[in-house]
Amino acid sequence: MAEMQISARRVAHVIFRARELDAKVGRWDSPGDSIDSDSILEMRRGDATETELREFIENLPEDQQAELVAIMWIGRETFEAEEWDEAVQTAVSERTGPTSTYLLGIPMLPDYLESGLEKLDVDVSEVEEDFL
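The following paragraphs examine the structure supplied in this document. No experiment lies behind these values; they were computed from the predicted model shown.

Points about the overall build of the protein chain
Next up, step 1: A count of helices and strands for the protein chain gives seven helices and zero strands.
Next up, step 2: Counting helices and strands in the order they occur from the N terminus, the protein chain gives α-α-α-α-α-α-α.
Next up, step 3: The buried share among the 132 residues of the protein chain stands at 40%.
Next up, step 4: Restricting the contact set of the protein chain to residue pairs at least 6 apart, pairs at least 24 apart contribute 72%.
Next up, step 5: Surface accessibility of the protein chain: about 7900 Å² in total, with carbon and sulfur atoms responsible for 48%.

What about the nonpolar core?
Next up, step 1: Counting residues in each nonpolar core, the largest one holds 33 residues, and the members touching the most others are V11, L68, I71, M72, W84 and L113.
Next up, step 2: Where this core is concerned, the elements lending two or more residues are helix 1 (8–23), helix 2 (48–58), helix 3 (62–76), helix 4 (84–93) and helix 6 (109–119).
Next up, step 3: In terms of residue count, the dominant contributor to this core is helix 3 (eight residues).
Next up, step 4: When neighbours within four sequence positions are excluded, L113 is seen to be in contact with V11, V14, I15, L68, I71 and M72.

What to know about a negative patch on the surface
Next up, step 1: A cluster of acidic side chains, namely E80, E82, E83 and E86, defines a negative patch on the protein surface.
Next up, step 2: We classify E80 as partly exposed; its relative accessible area is 45%.

Remarks on the pattern of salt bridges
Two side chains that carry opposite charge are able to pair once their charged atoms sit near each other.
Next up, step 1: Inspection of every chain in the model, using the stated rule, returns seven salt bridges.
Next up, step 2: Of the charged contacts in the structure, one is a salt bridge between D111 and R19, with a shortest N-O distance of 3.0 Å. Of the two residues, D111 is situated in helix 6 and R19 in helix 1; the sequence distance between them amounts to 92 residues.
Next up, step 3: Among the salt bridges present, the one from R19 reaches E114, with a minimum N-O distance of 3.2 Å. Taken together, the positions of R19 in helix 1 and E114 in helix 6 put the pair 95 residues apart, joining distant regions of the chain.
Next up, step 4: For R19, a relative accessible area of 30% puts it in the partly exposed group.
Next up, step 5: In the salt-bridge network here, residues are joined through shared partners; they are R17, E20 and E52.

What about the layout of surface pockets?
Next up, step 1: Of the pockets and cavities examined, the largest pocket occupies roughly 280 Å³.
Next up, step 2: Along the wall of the largest pocket there are 14 residues; nearest its centre are A91, E94, R95, T96 and T99.
Next up, step 3: Among the elements that make up the lining of the largest pocket, the one with the highest residue count is helix 3 (five residues).
Next up, step 4: Residues of the lining of the largest pocket, tallied by class, amount to seven nonpolar, four polar and three charged.

Things to note about the side chain of Q65
Next up, step 1: Relative to the elements of secondary structure, Q65 occurs in helix 3.
Next up, step 2: Within the structure, Q65 has its side chain in polar contact with the backbone oxygen of I57 (distance 3.4 Å).
Next up, step 3: A distance of 2.8 Å separates the side chain of Q65 from the backbone oxygen of L60, its partner in a polar contact.
Next up, step 4: Excluding its chain neighbours within four sequence positions, the residues that come into contact with Q65 are I57, E58, L60, R95 and T99.

Parameters at a glance
Residues numbered from 1 in each chain as written. Predicted model: local features only at pLDDT ≥ 70, side-chain atom pairs only at ≥ 80, totals over all residues. Heavy atoms only, no water. Helix = DSSP H or I, 4+ residues; strand = E, 2+ residues; numbered from the N terminus. Buried < 20%, exposed > 50% of the residue type's maximum accessible area, 1.4 Å probe, protein only. Contact = heavy atoms within 4.5 Å. Areas by Shrake-Rupley, 256 points an atom, 1.4 Å probe, with all protein chains shown as cover. Core = buried A, V, L, I, M, F, W, Y, C linked by side-chain atoms within 4.5 Å. Patch = residues over 30% accessible without salt bridge, like charges linked within 9 Å, V, L, I, M, F, W, Y side chains within 5 Å. Salt bridge = Lys/Arg side-chain N within 4 Å of Asp/Glu carboxyl O. Lys, Arg positive; Asp, Glu negative; His and termini not counted. Charge placed at Lys NZ, Arg CZ, Asp CG, Glu CD. 1 Å grid on protein atoms, 1.4 Å probe; cavity = no way out; pocket = protein on both sides within 12 Å on 5 of 7 lines; lining within 4 Å. Points joined across faces, edges and corners; volume = space filled by probe spheres on them. Nonpolar A, V, L, I, M, F, W, Y, C, P; charged D, E, K, R; others polar. Polar contact = N/O pair within 3.5 Å; in protein donor to acceptor, adjacent residues only side chain to side chain.

Encoded structure:
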């Protein structure tokens, strides 16, 4: 298995931001209502958390974007950890659109990323506290 180019810190960042998105709910107020403190829990068009996460993923070098997809696939058990190189190459060759759009469309993305890191024996415990 080749060494990963993407840092554990960057993957942890995606995990935590994706968890923030998963915690959001549909809008419960009507357009035009005043925005109050509860509104931060609502998923809205142009949501700042989603926008920031999309930009973060798209600003990663292409090899790191492919590795992020490969980590998710390993966590989802599409590939085994021993198939790292194949998973990365498949992510590169099968890319048809923005990586952020693909990843953010995956239900349970943060769980798959965590599981993938575990299967790859990558410990993120040292960087986790930075996101709490």
